[in-house]
Every structure is written in C-alpha cells, then in structure tokens.
Amino acid sequence: MVELRLLDFFSIDQPRRQAVLRQILKNKVTSSSIYWGLRYNYLSYLNVFPELDEKNYDRAIAQLIEENYLSKKDNKLLLTIKGKNALDEFKQQHYFIDKPQLFNKYDLKLWKEILRLMIQVLSELSFENRQYYVVSQNLKAQFYIKKWLYQEKREVLIPQFKEYLLDFLGSQPKDKSDIFMNSFVGHGLPGYTIEQLSEFTGLATADIQIVIADLSLKFADYLNQKGGNYSKIVNLVSRSQGLPTSVEETYTLLQKGFTVEKIKQIRRLKESTIQEHLIIASILSNNFDYHQVLTSEDHRILQNIYSDDNLDDWKYQDLELSGHQMPFYKFRIYQVQRSKLNNDRT
C-alpha cells in the first residue's frame, strides 16, 4: 500500500530532505534537523510519531519515488504533478492531524489511558455503580485517577464534565465527534475498537487513529484552558514547552552576557556543542536576541554576501571565499533570523 499521506510533507517547488521529516516526527532534535524543520514548516510536527519505524518510513518514501509521486535529485525530494493530484484526491477522502503541535505539548499515550478511565469512572459513578471492570490496566493512569477523585468533589466533577464534554464536542465536526465518543466505554456502553470503528464507518484504521488521537489532545487542551479541577489532571501529562534542558542552560548564560568561550568553560562542554545549543535556541525561542550573537559588523558582512531571499541555496563556502572569517553557527543563526523575518512578512 502506497503511503500517500506522506506526500503532504513535500513541496512541488522546494526540494526537501527525507531524513529531516523522519527526525522531526521522532523528536530527534539537532541543530540541522531543527533548522531544516523550520525551513520546511515541519516544526509543529515535532514528536507526532516518536515510535516511527525508520526502515518502514524509508521503504514508504522509496515506493513513492518508484511510482513517481516524488522525484529525487541531489538527495532531495520534490512532489511531482502526479503526487500533487494524488494528494489532493486523498485529502478529500481521509482525515489529517488538525493540531500536530499538541503531540509535543501532552503525553498522548498516557493521556488516552487517563481519559478512557475518566470517562468510564464518571459514567459509572453517575449511575451509582461501583462494580465494573476498569477499561485500562495502565497503573499510572489508575493511580492518577484515584488520587484525583479522592481530592475532588464527585458531585461537582460529574455535571461539570458533562458540560465541558458537550461543549467541546459541539465545537468539532459531528463525524469526528461520533468516532471519538464511540471509542469509549461507559455505563452500559461497551466502546468499539479501532477495527470495529473502521468497519462501521468504512474508513481506514489510520483515519480512525488520527481522529481519536487528534480529538483526545484537543480535549486535553480544552480542559487545560478551563482551569480548575480538570486542568489539574491534564497538567500531569503536560510536557515542558521550553527548550531542551541543556540548551536552556547554555541560552540562560548567553542572556546573562557570557561569551561562547566563557560558557564553554562554565559548562565544561565542547565549543561546537555550545554553538549547536545557540542555533537550536535561536530556532525554538520566540524572543531570541540575535544581537547577543551577531555584531553589527557580522550583520553588515552577511547582508552584503547574502542579499537574496533564497535561503535554501545559501552556501557557507561563499562566506569563506569572500575572505571573511566567521564561525558556521553565526551564519546559521543569521539564516534563522532571515527565515523568521520572511515568514512574518508572508
């Protein structure tokens, strides 16, 4: 089976490296993968598929190339006209992730278990039934639910949950809401498996999985924004939205005014590691101060050499050939600055 869904990550006019998408989906953060993830508009897909099998992914890409959905040149891929037409048709018949950034905001695997238990337990409690087999055997999820129920007033939780759930479902397309809710076990309701829902709806199992994952995370975000009783349990599955820990430590020292050389000494790390941290920080931080890395003279030199907006074609060698001595990380951070500036203009 051809994995046409992957075509959505490729462009008809911007050559892209297949390894970058794989690294982004698996949340493998390096300065290179993150930079090209920025250029390809992939960053919202960080950690969407941490268990991605790399061999299967590479085979799927190879098949798309073989069947002319993608073309390959200089180890980069372009979406073909055939691929674009196939993707347009595929999108009319299948579901795609609506909020990919939430996959990196919450622990989906644990949240799905907590949510399954939450819905079952509150449903049974509303009927004053205490004799049932719990739907999830995940011990961490069971512990969190028990502790949460012990701390909160059940007479408040049940009507509040009903209100929140109905409000949330009302904001989603009915076909998606139906799939989502039919996957849960409740009082007198068995809940259906992925395969059963696929059979009932005629949709592929991948579509069912996407809908359930997407709405599960959107509901987590909805409850988190509501605050109070339900945000407490959602916070248990929230991921840190900041920089990777080591990158954060390096960036904090930079903000305090320390030079790269001094940061290297303080942190006892290689200079190349410190430079990589700064590249990552410039990409993932919303308020990175480029002037802490690039002097006015650096900017003048870089602007003179790289005057066009075709950032993907810029070569560090052009800087070296011009006779200017400047470390690669400054070149890359200037690319990040220009890339973000160009995105703001569009």
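Quantities reported herein were computed from a predicted structural model and do not represent experimental measurements. Residue positions within a chain follow its written sequence, with the count starting from 1. pLDDT decides what is reported in this predicted model: residues at 70 or higher carry local features, side-chain atom pairs at 80 or more are listed and counted, and totals for whole chains, interfaces and linings draw on all residues regardless. No hydrogens and no water enter the side-chain calculation; it runs on all heavy atoms of the structure.

To continue, consider the overall build of the protein chain. Where helices and strands are cited, they refer to DSSP runs of H or I of at least four residues and of E of at least two residues respectively, numbered from the N terminus. Within the protein chain one finds 17 helices and two strands. Among the 346 residues that make up the protein chain, the fraction classed as buried is 46%. Two residues qualify as a contact provided that any one of their heavy atoms is within 4.5 Å of a heavy atom in the partner residue. Intrachain contacts of the protein chain at a sequence separation of at least 6 include 67% that bridge at least 24 residues. Here the Shrake-Rupley method, with its probe set to 1.4 Å, supplies the accessible areas, and only the displayed protein chains count as covering residues. When the accessible surface of the protein chain is summed, it comes to about 18,900 Å², and 48% of that surface belongs to carbon and sulfur atoms. In summary, the charge assignment counts Lys and Arg as positive and Asp and Glu as negative, without counting His or the chain termini. By convention, the point assigned to a charge is CZ for Arg, NZ for Lys, CD for Glu and CG for Asp. Between the centroid of the 46 positive side chains of the protein chain and the centroid of its 43 negative side chains there is a distance of 5 Å. Think of it in three bands: with a 1.4 Å probe and only protein chains considered, a residue is buried below 20% of the maximum accessible area for its type, exposed above 50%, and partly exposed in between.

This part takes up the packing of aromatic side chains. Aromatic contacts are taken between Phe, Tyr and Trp rings whose centres are within 6.5 Å, Trp giving its six-membered ring; a plane angle under 30 degrees counts as stacked, one over 60 as edge-to-face, and the others as tilted. Counted under the stated rule, the structure contains 26 aromatic pairs. Centroid distance Tyr251 to Phe288: 5.3 Å. Interplanar angle 15°. Geometry classified as stacked. Highlighted residues: Tyr251 in helix α12 (residues 245–255) and Phe288 in the loop between α14 (271–284) and α15 (296–305), separated in sequence by 37 residues. Judged by its relative accessible area of 3%, Tyr251 falls in the buried class. The class of Phe288 is buried, set by a relative accessible area of 6%. Ring geometry for Tyr316 versus Phe328: centroids 5.3 Å apart, planes at 85°, classification edge-to-face.

Once that is clear, we can look at the UniProt feature "domain: Helicase Helix-turn-helix" (unreviewed entry) in the protein chain. Mapped onto the present numbering, the UniProt feature "domain: Helicase Helix-turn-helix" (unreviewed entry) falls on residues 246–334. Secondary structure across residues 246–334 comprises 62% helix and 0% strand; the distance between its end C-alpha atoms is 22 Å. UniProt positions are given in the numbering used here, feature names are shortened, and annotations may be inferred rather than shown by experiment.

Moving on: helix α4 (residues 81–91). Looking only at α4, the buried set comprises Gly83, Ala86, Leu87 and Phe90. Down the axis of α4, the sector holding all buried residues measures 100°, keeping them to one side. Taken together, the buried residues of α4 touch β2 (76–79). To obtain the arc, one takes the directions from the helix axis to the C-beta atoms.

Position of Asn68 among the secondary structure elements: in the loop between α3 (54–66) and β1 (70–73). Linking Asn68 and Phe9, residues 59 residues apart in sequence, is a C-alpha distance of 16 Å. Leaving out residues up to four positions away in the same chain, Asn68 has contacts with Thr80, Lys82 and Gly83.

Right, let's get into the pattern of salt bridges. Salt-bridge detection follows one rule: a side-chain nitrogen of Lys or Arg within 4 Å of a carboxyl oxygen of Asp or Glu. In total, this model carries 19 salt bridges according to the counting rule given. Asp8 is the salt-bridge partner of Lys91, the closest N and O atoms lying 2.8 Å from each other. With a gap of 83 residues between them, Lys91 in helix α4 and Asp8 in the segment before α1 (18–25) connect regions that are remote in the sequence. Residue Lys91 is classed as partly exposed on the basis of its relative accessible area of 39%. Look at Asp8 and you get partly exposed, because its relative accessible area is 28%. For Glu54, the salt bridge identified is with Arg22, shortest N-O distance 3.9 Å. Of this pair, Glu54 sits in helix α3 while Arg22 sits in helix α1, and the two are 32 residues apart along the sequence. Among the residues examined, Glu54 registers a relative accessible area of 31% and is labelled partly exposed. In this structure Arg22 comes out as buried when scored by relative accessible area, which is 15%.

We now examine the pairing of β2. By the alternation rule, side chains of β2 split into Leu77 and Leu79, which are all buried, and Lys76 and Leu78, of which none is buried. With four bridges connecting them, β1 and β2 associate as antiparallel partners. Looking across to β2, one finds that Lys73 is bridged to Lys76. Here the rule is simple: two strands pair whenever DSSP picks up at least two bridges between them. In sequence, β1 turns back onto β2 through a hairpin of two residues, with Asp74 there showing a positive phi of about 55°.

Take α15 next. The periodicity of an α-helix, 3.6 residues per turn, causes residues three or four places apart in sequence to face the same way. For α15, the complete set of buried residues consists of Asp298, His299, Ile301 and Leu302. Buried residues in α15, looked at end-on, bunch into an arc of 165°, giving them a common side. Seen from the open side of α15, the exposed residues pointing more than 90 degrees away from its buried face are Ser296 and Asn304.

Bringing the packing of α12 against helix α13 (residues 260–267) into the picture now. Comment: axis = line fitted to C-alpha atoms, over the contacting stretch for helices; angle = value between 0 and 180 degrees taken between N-to-C directions. Their axes nearest at 10 Å, the elements α12 and α13 cross at an angle of 130°. On the basis of their axis angle, the class for α12 and α13 is oblique. In this structure, the crossing between α12 and α13 has a hand that is right-handed. Counting all contacts with α12, which are made through Ser246, Glu249, Thr250, Leu253 and Leu254, the residues of α13 involved are Ile263, Ile266 and Arg267. Classification convention: Asp, Glu, Lys, Arg as charged; Ala, Val, Leu, Ile, Met, Phe, Trp, Tyr, Cys, Pro as nonpolar; all other residues, Gly among them, as polar. Broken down by class, the residue content of the contact of α12 with α13 amounts to four nonpolar, two polar and two charged. Put simply, angles under 35 degrees are roughly parallel, angles over 145 are roughly antiparallel, angles from 65 to 115 are roughly perpendicular, and the rest are oblique. Here a crossing is called left-handed whenever its near helix is offset anticlockwise from the far helix by less than a right angle, and right-handed whenever the offset is clockwise.

Checked against the element boundaries, Ser339 lands in helix α17 (residues 328–345). What qualifies as a polar contact is a pair of N or O atoms within 3.5 Å, subject to a donor-acceptor requirement within protein and to the restriction that residues adjacent in sequence count only when both atoms come from side chains. Within the structure, Ser339 has its side chain in polar contact with the side chain of Arg39 (distance 2.8 Å). Setting aside chain neighbours within four positions, we find Ser339 in contact with Leu38, Arg39 and Leu311.

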